[in-house]
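# Chains, contacts and geometry: an overview
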Amino acid sequence: MSRIKGRDTGPELIVRSVIHRLGYRFTVNGPWNKQLPGRPDIVLPRLEMIVFVHGCFWHRHGCKDTSTPKTRTEWWQNKFDANVARDKRNVRALRRDGWSVITVWECQTTHRKLPVLARRLDRILSQRDRELDSRHQ
């Protein structure tokens with residue numbers, strides 16, 4: 001597990017690229033990313049929005065990539081349960097503090113599914129942008 005990257009993973013870079021191409025600016029290493037619950041992968045401060053890019057295996061998405069190792073299954077299950085519980089706590093805390101949260105799953109970043117992801121992010125981010133514009137007028 002020591003070789004598992006925590007930052008700048010392939011799926012994370014893909015999501016960042018999509019958001020940037022849509023014209024939105026964000027932080028990945030700023031103070032928001034380090035201070036907020038769950039240490040979000042992407043923070044869009046102007047939109048008050050957080051994006052988590054979760055690996056299907058570690059965060060238990062339920063897709064075909066969500067397998068459980070055959071050895072030490074109890075240990076793995078405890079680890080997965082703790083990850084999922086921590087994710088839920090972090091999202092609740094962020095929403096309580098006024099942030100909107102998007103979760104993007106690793107399997108949604110494949111080349112074949114990229115257009116769907118781009119449309120989804122565009123819809124969510126532009127809707128949030130409009131909401132904030134109307135609130136500030």
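Everything in this summary refers to the structure shown in the same document. These numbers come from a predicted model, not from an experiment. (Residues numbered from 1 in each chain as written. Predicted model: local features only at pLDDT ≥ 70, side-chain atom pairs only at ≥ 80, totals over all residues. Heavy atoms only, no water.)

### Focus on the nonpolar core
Counting 18 residues, the largest nonpolar core has Val-15, Ile-19, Leu-44, Val-51, Ile-102, Leu-121 and Leu-125 as the members making the most contacts within it. Only helix H1 (10-21), strand E1 (42-44), strand E2 (49-54), strand E3 (100-105) and helix H5 (114-135) provide two or more residues apiece to this core. No other element matches the five residues that H5 contributes to this core. Counting eight residues, the second largest nonpolar core, distinct from the first, contains Leu-36, Val-43, Phe-52 and Val-91. (Core = buried A, V, L, I, M, F, W, Y, C linked by side-chain atoms within 4.5 Å. Buried < 20%, exposed > 50% of the residue type's maximum accessible area, 1.4 Å probe, protein only. Helix = DSSP H or I, 4+ residues; strand = E, 2+ residues; numbered from the N terminus.)

### Quick notes on the packing of aromatic side chains
Throughout the structure, instances matching the rule amount to seven aromatic pairs. Relative to Trp-58, the ring of Phe-57 has its centre 5.0 Å away and its plane inclined at 85°; by these criteria the two rings are edge-to-face. Where Phe-57 meets Trp-76, the ring centres are 5.8 Å apart and the plane angle is 65°; that geometry is what we call edge-to-face. Taken as a pair, Phe-57 in helix H3 (residues 56-59) and Trp-76 in helix H4 (residues 73-96) lie far apart in primary sequence, 19 residues in all. We classify Trp-76 as buried; its relative accessible area is 13%. The ring of Phe-80 has Arg-60 lying over it, and the distance from NZ or CZ to the ring centre is 3.7 Å. (Phe/Tyr/Trp six-rings, centres within 6.5 Å; stacked < 30°, edge-to-face > 60°. Lys NZ or Arg CZ within 6 Å of the ring centre and 35° of its normal.)

### A closer look at the side chain of Arg-16
As for its placement among the helices and strands, Arg-16 is situated in helix H1. Filtering out sequence-adjacent residues up to four positions away, Arg-16 remains in contact with Asp-8, Phe-26, Val-28 and Ile-42. (Contact = heavy atoms within 4.5 Å.)

### Topic: a positive patch on the surface
A surface patch of positive charge is lined by Arg-86, Lys-88, Arg-89, Arg-92 and Arg-96. Within the secondary structure layout, Arg-86 lies in helix H4. (Patch = residues over 30% accessible without salt bridge, like charges linked within 9 Å, V, L, I, M, F, W, Y side chains within 5 Å. Areas by Shrake-Rupley, 256 points an atom, 1.4 Å probe, with all protein chains shown as cover. Salt bridge = Lys/Arg side-chain N within 4 Å of Asp/Glu carboxyl O. Lys, Arg positive; Asp, Glu negative; His and termini not counted. Charge placed at Lys NZ, Arg CZ, Asp CG, Glu CD.)

### Remarks on the packing of H1 against H5
In a packed pair of helices, the relevant descriptors are the angle between the two axes and the axis-to-axis distance. Running from N to C, H1 and H5 point in directions that differ by 55°, and their axes come no closer than 10 Å. Classified by the angle between their axes, H1 and H5 sit oblique to one another. Judged by the twist between their axes, the crossing of H1 over H5 is right-handed. On the side of H1, the interface is formed by Ile-14, Val-15, Val-18 and Ile-19, while H5 contributes Leu-114, Leu-117, Ala-118, Leu-121 and Leu-125. Of the residues that constitute the contact of H1 with H5, the class distribution is nine nonpolar, no polar and no charged. (Axes fitted to C-alpha atoms, helices over the stretch in contact; angles between N-to-C directions. Parallel < 35°, antiparallel > 145°, perpendicular 65-115°, else oblique. Left-handed = near helix turned anticlockwise from the far one by under 90°. Nonpolar A, V, L, I, M, F, W, Y, C, P; charged D, E, K, R; others polar.)

### Focus: H5
If you check H5, its first and last C-alpha atoms are 31 Å apart, about what 22 residues at 1.5 Å a residue would give, namely 32 Å. Along H5, the residues classified as buried are Leu-117, Leu-121, Ile-124, Leu-125, Ser-126, Arg-128, Asp-129 and Leu-132. (Expected span 1.5 Å × (residues − 1).)

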